[in-house]
Amino acid sequence: MATVGLRTTYVGIKGEDGNVILGLDKGGVSETGVFEIDNQKKNGNLGAVTANITGLSGTVTKISGNDSVVDVTNPPSAPSVALTYNQVNVAVKQALLGRKLENGGYVDTDNMVEAALLVETRDEIDNKAIFFAFPRGTFNETQQNIQTNTDTAQTRETEAMTFTALTSPILGNKPYKIYFETAEGFSKKKMFDEVFGSTQKFITEDTVALEH
């Protein structure tokens, strides 16, 4: 579908009950259970650059018989989101990756952390919000490409993470849902409750999408 820009992204870490965990000290990403990776330096963020979503549909396979195509299979979707950020809050990112703080550094653990991801963009005509929602999945980071500054330039590296979506019981065992601000029955609280679980306290009022 046609979209304009990447407005923001929201993340949360899920507990075993499918709801986000409240509090960084308890294994979550914030006291509300949801963290917006905004462009505010005071929050440790410098905004998102890209959210490349692939695998929204499975690969259709043709079934042949009697020298003709008689049917097709429609396998389930397997979405993933390749995310690039200028900078993400350090503690939040390490929590999403399942790393544990020990003696001033973060170390990988054997536990996979399940998370939720919400990507916000806009439509081209009315500039209304469109949300790509993934209630269940995992984040990973595969590389770090550190380069030297020169005598005339500062070399910055963006942060790259991949989110692999998993099927979600809240969506009838489907991995994603697309919300439109203009759709009948839409409210931001209902969406956040569905994506992040009823424990989330980031959006507490039943409203349409809020302007940034």
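Everything here concerns the structure above.
This structure is a prediction, so every number in the text was calculated from the model and none was measured.

**Concerning helix α2 (residues 188-196)**
Along α2, the residues that are buried comprise K188, M191, F192, V195 and F196. One face of α2 carries all of its buried residues, which in axial projection span an arc of 100°. On its buried side, α2 packs onto β1 (4-13), β9 (115-122), β10 (129-140) and β12 (177-180). Looking one or two residues past α2, G197 carries a phi angle of roughly 100°, positive in sign.

**Description of the environment of E16**
Relative to the helices and strands, E16 resides in the loop between β1 and β2 (35-37). Taking the C-alpha atoms as reference points, E16 and E114, separated by 98 residues in sequence, lie 8.8 Å from one another.

**With respect to a nonpolar patch on the surface**
Together, V60, V69 and V72 give the surface a local cluster of nonpolar side chains, amounting to about 250 Å² of exposed area. For V72, the location among the structural elements is in strand β5 (residues 68-73). Classification of V72 by relative accessible area gives partly exposed; the value is 45%.

**Observations concerning the side chain of E159**
Position of E159 among the secondary structure elements: in strand β11 (residues 159-165). At 2.4 Å, the side chain of E159 and the side chain of K93 are in polar contact. What E159 contacts, discounting residues up to four positions off in sequence, is L83, T84, Y85, N86, Q87, V88 and K93.

**Re the side chain of S168**
Within the fold, S168 resides in the loop between β11 and β12. The class of S168 is buried, set by a relative accessible area of 4%. Not counting residues within four places of it along the chain, the set of residues in contact with S168 comprises P135, R136, N173 and K174.

**Digging into unusual backbone geometry**
For N103, which is not glycine, the phi dihedral falls at a positive 50°. Relative to the helices and strands, N103 is located in the loop between β7 (99-102) and β8 (105-108). The exposure class of N103 is exposed, given its relative accessible area of 86%. You will see that N127, though not glycine, has its phi angle at about 60°, which is positive. Looking at where N127 falls in the secondary structure, it is placed in the loop between β9 and β10. Overall, N127 belongs to the partly exposed group, its relative accessible area being 41%.

**What to know about the pairing of β10**
Among the twelve residues of β10, ten are classified as buried, and the element is accordingly described as predominantly covered. In this structure, β9 lies alongside β10, joined through seven bridges in antiparallel fashion. By the bridge assignment for β10, E120 is matched with F131. Count of turn residues in the β9/β10 antiparallel hairpin: six residues, of which N127 carries a positive phi of about 60°. Sheet analysis places β10 next to β12, joined by four bridges and oriented antiparallel. Bridge pairing links F131 to Y179 in β12. As judged from the four bridges shared by β10 and β11, these two strands associate in the antiparallel manner. What sits directly across from F139, in β11, is F163.

Criteria and cut-off values
Residues numbered from 1 in each chain as written. Predicted model: local features only at pLDDT ≥ 70, side-chain atom pairs only at ≥ 80, totals over all residues. Heavy atoms only, no water. Buried < 20%, exposed > 50% of the residue type's maximum accessible area, 1.4 Å probe, protein only. Helix = DSSP H or I, 4+ residues; strand = E, 2+ residues; numbered from the N terminus. Arc of directions from axis to C-beta. Contact = heavy atoms within 4.5 Å. Patch = residues over 30% accessible without salt bridge, like charges linked within 9 Å, V, L, I, M, F, W, Y side chains within 5 Å. Areas by Shrake-Rupley, 256 points an atom, 1.4 Å probe, with all protein chains shown as cover. Salt bridge = Lys/Arg side-chain N within 4 Å of Asp/Glu carboxyl O. Polar contact = N/O pair within 3.5 Å; in protein donor to acceptor, adjacent residues only side chain to side chain. Pairing = 2+ DSSP bridges.

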